[in-house]
Every structure is written in C-alpha cells, then in structure tokens.
Amino acid sequence: MRGRFAPSPTGPLHAGSLVAALASWLDVRARGPQAQWLVRIEDADTERCLPGMGTHILQQLAACGLRPDEAPVWQTQRGARYEAALAALQAQGLAYPCGCSRKDIGEALAQRGQAPERHGERVYPGTCRDGLHGKPARAWRFATFKVDAELRWTDRRLGPQRQDVAGEVGDFVLRRADGPWAYQLAVVVDDAEQGVTDVVRGEDLADNTARQILLQRALGFPTPSYLHTPLVRGADGDKLSKQNGATALDTGTPQAALAALDRAARVLGLAATPALNCAAALAGWVPEWRALYNSRPS
Ligand code: GLU
C-alpha cells in the first residue's frame, strides 16, 4: 500500500492542505509498517509555483512530524515521462491538437445556443476533432468521444459516484501549447509510476477523478482507490479562501505545529488530542482513523 500527498507549491501549507496531508499520512500508517507515505511536489505548472515553496512545504510538514518514506518527487524533473504518455495517447488516436482560444470556444457554444460551464470551465464543443481548421495548435486534448466515458466508481468517503466525462466535462486538455503539462496527465503518470495504490486528497479535487480514471485506462495503468477528505470552511461557512481565513499555517514552534495538526484532525472527525507533541498526537490518531475510515492493516 502506497499513499501520497501532492501539494502544488503555489503557496505555503494552509489549513486545507494540512488536512489532506494528515489524512493521507494516517491512511498509510493505519495500514501497518509495510505501507509507505510519499510526497510529490506538483510544480508542473511553473507559472503559478513560487520559487523555494516546495522546500518550504516539506519543512512545514516535517515540523508537524509528517516525513515522507522516500525522497520527494518533483514534477518539473519528469517532463520526459509526460511526453511518453502523451505519445502513447497520440499513437492510439486518443489525443488531438486543438487551435481554439477561449473566445473561439465561447463563440462555438453560443452558436449552438449552449454555454455549459462547470466550475468556471467551458465544456469543449469538439471543434478541432476533425482538424485544426487552419489555426495553429494551442493545446492537446483527450478524445473522450472515442472511449467509454460514462464512469462509475466508489469513493471511500463520498460513496458511489458517476460522471459522463464526454458530456459533462468534454475533451479535456492534456498539454498546453506554451509547454505546461495539464494536472490530469501529470498526476496519472506520477501516481502510476510511484505505485500509488490509495489516493487521499481534498474534496475540491473529487471532480477530477473520472478524468483520471479515463487516462489510467487509456494508458494501461491500474486505478487506485480514492478517498476525498472534507473541506475546511472559512468563518463564513464557504470554501476556505484567502478572503475568509486561508492564511499560511504557523508551524514555527512545536506548540503551533501541534495546534495546526489538532485543527486538521477535527476536520477529519478525529478527537482532540491530549498529546503534548506532534509524534504522540499522530500515533494516537492512527487507530481512530482505522476505525473511522475502515483502513485495515494489510
Ligand atoms: N497538486 C494538487 C493540489 O495541490 C493535488 C493533486 C492530487 O492530490 O491529486 O491541488
């Protein structure tokens, strides 16, 4: 059993990302001494990442007693793997170049009298499926219309899930022409290569799962199990953001780190810890996690 925490170094750890880190760590420790917890710094989207932030996050995790069992993996060093995965999809006819700008997509949707948007993203109308129409390529997209894109799976916390990726998401981007790899492709390649069997991450990412399962199938990778953790709410009850309280965590002293962990544990439904340091608190939550999320030692 191998689990992972995969932060994007776009800012320091905050209350929400610590919940995902703690949950993925507990899920691994609950499975016994053979299980391994990995950390992957998701810095593929170099525009949004801040220099030095990956190292800072690793230090913050260590201050909370969360240390990976193997050297952390950095996505920026893995471009050749993503390249090979894209080539494999191209060879199967499952990736095609797209020349549409956001404006082109908006106009094509308006022409059809539809403007479907999900989470601020437009469902791609499929304009370039039959060629670039004389435009330069801006992105590579996954051909959802060529696969069985109606997916059902079970999330360990959210229960049975379904998504028709072709209809609800459309042909999603694998790589942008200006270079950056899309999260969907990078995460699937990395999880497979790192042998991740159990993905535990924040509920804000749950909607990506179907796209990732499609890519795993197309690339011949196994599908891990998924558990999406509760979101941390801001003071106003909304999803945590910089405006309503998502500030960097204070992990500067052992007491501050323990307090931060304790708050993260409460979000996961674990009891307040009587422990006096992070290591003891973590050890105390392991059996509780095992009972709550039914992760038996393997
Ligand atoms: N890097 C992603 C994020 O920080 C998480 C990826 C994942 O856990 O699948 O939002």
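Residues numbered from 1 in each chain as written. Predicted model: local features only at pLDDT ≥ 70, side-chain atom pairs only at ≥ 80, totals over all residues. Heavy atoms only, no water.

### Some details on the site of the ligand
Applicable threshold: Any residue with a heavy atom positioned within 4 Å of a molecule or strand is treated as near that molecule or strand. Within 3.5 Å is the distance limit for a polar contact, defined as a pair of N or O atoms, with the added protein rule that one can donate a hydrogen and the other accept it, and that residues adjacent in sequence qualify only through two side-chain atoms. Throughout, the Shrake-Rupley method with a 1.4 Å probe supplies accessible areas, and for residues the shown protein chains are the sole cover considered. Three classes are used: nonpolar for Ala, Val, Leu, Ile, Met, Phe, Trp, Tyr, Cys and Pro, charged for Asp, Glu, Lys and Arg, and polar for all others, with Gly counted as polar.
In the vicinity of the ligand, the residues found are Arg4, Ala6, Pro7, Ser8, Glu42, Tyr183, Val187, Arg201 and Leu205. Within the contact set of the ligand, an oxygen atom lies 2.6 Å away from a side-chain nitrogen or oxygen of Arg4. Contacts to the ligand include Arg201, whose side-chain N or O atom sits 2.8 Å from an oxygen atom. For the ligand, the accessible surface in isolation is 300 Å², of which the surrounding protein chains cover 80%. The residue inventory of the shell around the ligand, partitioned by class, reads 5 nonpolar, 1 polar and 3 charged.

### Considering unusual backbone geometry
Note the following rule: Under the DSSP-based scheme used, a helix requires at least four consecutive residues in state H or I and a strand at least two consecutive residues in state E, with every element numbered from the N terminus. Burial status follows relative accessibility: with a 1.4 Å probe on protein chains alone, a residue under 20% of its type maximum counts as buried, one over 50% as exposed, and anything between as partly exposed.
One non-glycine residue, His133, lies in the positive phi region at around 55 degrees. Within the fold, His133 resides in the loop between β6 (121-122) and β7 (139-142). Judged by its relative accessible area of 51%, His133 falls in the exposed class.

### What to know about the sheet that holds strand β4 (residues 95-98)
Counted only if it meets this: The criterion for strand pairing is that DSSP finds at least two bridges linking the strands in question. Only C-alpha atoms enter the line fits that serve as axes; for helices the fit covers just the stretch in contact. Angles between N-to-C directions range over 0 to 180 degrees. Whether two residues touch is decided by their heavy atoms; if any such pair falls within 4.5 Å, the residues are in contact.
Pairing is antiparallel across the open sheet formed by 3 strands, whose spatial order is β4-β7-β10. Both edges of this open sheet fall to β4 and β10 (173-176), since each of them pairs with a single strand only. With direction set aside, neighbouring strand axes in the sheet form an average angle of 25 degrees. Of the strand pairs in this sheet, β7 and β10 are connected by 3 bridges, and their pairing is antiparallel. By the bridge assignment, Ala139 is partnered in β10 with Arg176. Against the sheet, helix α3 (residues 79-91) contacts β4, β7 and β10, and its axis sits at roughly 125 degrees relative to β10.

The quantities given are spatial measurements derived from coordinates; they are silent on function.
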